[in-house]
Structure formats: C-alpha cells, structure tokens
Amino acid sequence: MTIQNVMVIGAGQMGAGIAQVCAQSGYNVLLHDAKEEALNQGIANIEKRLERSVSKDRISEQAKQDALARLQPAAALENARQCDIAIEAIVENRDVKTGIFSKLDAYAPEHAILASNTSSVPITELAAATNRPGQVIGMHYMNPVPVMPLVEVIRGLETNDETYKQVAAMAYSLSKTAVEVNDSPGFAANRILMPMINEAVFTLQEGTASVEDIDTVMKLGMNHPMGPLTLADFIGLDTCLFIMEVLQDGFGDSKYRPCPLLRKYVNAGWLGKKAGRGFYQYQ
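Below you will find a few notes about this structure. (Residues numbered from 1 in each chain as written. Predicted model: local features only at pLDDT ≥ 70, side-chain atom pairs only at ≥ 80, totals over all residues. Heavy atoms only, no water.)

## Considerations on the layout of surface pockets
Empty space left among the atoms is revealed by rolling a probe the size of a water molecule over them. Space inside the second largest pocket adds up to approximately 430 Å³. Lining the second largest pocket we find 22 residues, and of these Gln20, Gln24, Ser53, Pro146 and Val147 sit closest to its centre. Here the lining of the second largest pocket gets five residues from one element, more than from any other, and that element is helix α1 (residues 13-24). The residue makeup of the lining of the second largest pocket, split by class, is nine nonpolar, eight polar and five charged. (1 Å grid on protein atoms, 1.4 Å probe; cavity = no way out; pocket = protein on both sides within 12 Å on 5 of 7 lines; lining within 4 Å. Points joined across faces, edges and corners; volume = space filled by probe spheres on them. Helix = DSSP H or I, 4+ residues; strand = E, 2+ residues; numbered from the N terminus. Nonpolar A, V, L, I, M, F, W, Y, C, P; charged D, E, K, R; others polar.)

Encoded structure:
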C-alpha cells in the first residue's frame, strides 16, 4: 500500500499542524473536527501560517495554493472511508480516544492504518478497541508541528513491521526524523521531559529560585532554547499534570508524583498560555 490520502481527526493546534505539513508534502488531506467552529478555525489557522511563510519567502505563492488545494474540511467521521491513514489528534482523554478508534475501525477501509498523536495514552489500549491491532500505531508529533522535526513512532504490542515501516517512511516524507519507541507510559519524549518540568515546579514551590531564574538556569546553563516553566505554559499545565499522573500510575514510582503546586495551578484554572495565565501572565 502507498499512503496518499490522509484524514486528520481534530483541528486544534496539533491536528491543524499535522494536516498542514501533510498537505505541503503532497498528500491529499481531510481535516475533521466534531465542532464546526473548531474545524473552520483550524483551516483558517493553516491559511494564516502558509501566508506568513510566503511573506517571509520560505515558500512560494504557488506552493501555498497547491497545499490548500490538497486540504479539504470533512464534517463527518465517516469520511475516513476515503483514507489510507487516519491520524487522531484530539483531547488527551483515554476513553474519548478509544471511542474514536472504535469508530475509525468501522469506517476506514481494510488496508488503512490508524495512528494517534497521543502524548501518553497507551497505543496497545487504542489498538484493542479495533479489529486491526497490527495496523494501529502512535505518531507523536512535537509542537509546533510545522517547525519541530521529530516524530515518535510508537509500536503497540501488536503493531506489525509493515505498519511501522510505512509510518516511518511517511514521517521522513514530511521532512521529519522518526524515532522508534515501544509502548510505555510517557513513551520516550514525555518520560524524560515531564519529570524535568515537574522538578522545576518543585524548585519553585520550595522557594529555591524564581520562575524567571529557573528558566534562565536551563536556557543559559544547559543551552535549552526555552526554560521548563515557559515550556510548561506552552504545553498546558493540565496536560503536564495529566502526563505526570499517567507516569505515576503506569510505573507506581513516587519519583513521578506531580508537584502539589502544579495541581494547585490547574485547579485554579491557571493552565498556561491558552488560559492567559500559568507560571507567567499573557495578554
């Protein structure tokens, strides 16, 4: 099978980014969201990013128009009947994702691969909701998708070799680097990243250093492009908390205990940049 027709489920920041890079790389893309407003906003955001790339001479006007011509909104999940691969990029909720995979399994053609952009939900559990576990895989993009060159390609317990090879090849066709990861809580990226962020929050909670100074230590001392608390705000503190809970539940190790200050901020609605306030305040 040659992957040519892609359906992305979820038109938020990650889903729209995935749809954009696929359309720019020559794939025919259907973008779906259960909410019409979110779908329209996702398409509009893609158009804005492409126009910005044209204005900065990163791509030509023709390349922009070609990408947009390959991108179509899909109001119904049943449109998965047309895809070679469906990539789910919805809310990080195990039950919701499992429900989507069950429906995609019913709609998508027999040959189609079902992939998830999940950052923490086990691929094996998603595969168990389908009748094609060998064709279920994780395809975890980094944020922002059009910029970040990494994709974690995550094998569930039954993911077959052909599925892995096709998805890894697709990632490279998007000018991404694919890393092979086995299904495990947090996979590789978040198993390493989230405890670092969590420890930064503990450092703040204990009064060891200020928000700004913690970030400065990591930027200037460890050459990170962004401090851990700024990064947490961009990811979303609710997402950080959720992943820490997944790690703690999955490994049963106290070293993954979420910092109480992180939980307090989430309970207060201080979720980071998307809420206007997290460790920093945003206009």
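What follows picks up the thread again.
## Looking at the packing of helix α2 (residues 36-55) against helix α3 (residues 61-69)
α3 packs onto α2 with a crossing angle of 165° between their chain directions and a minimal axis gap of 9 Å. Accordingly, the angle class assigned to the pair α2 and α3 is roughly antiparallel. Here the hand of the crossing between α2 and α3 comes out right-handed. Contacts between α2 and α3 involve Ile46, Glu47, Leu50, Glu51 and Val54 on the former and, on the latter, Glu61, Lys64, Ala67 and Leu68. Across the contact of α2 with α3, the residue classes tally to five nonpolar, no polar and four charged. (Axes fitted to C-alpha atoms, helices over the stretch in contact; angles between N-to-C directions. Parallel < 35°, antiparallel > 145°, perpendicular 65-115°, else oblique. Left-handed = near helix turned anticlockwise from the far one by under 90°. Contact = heavy atoms within 4.5 Å.)

Take it as geometry only, folks, not as evidence of what the structure does.
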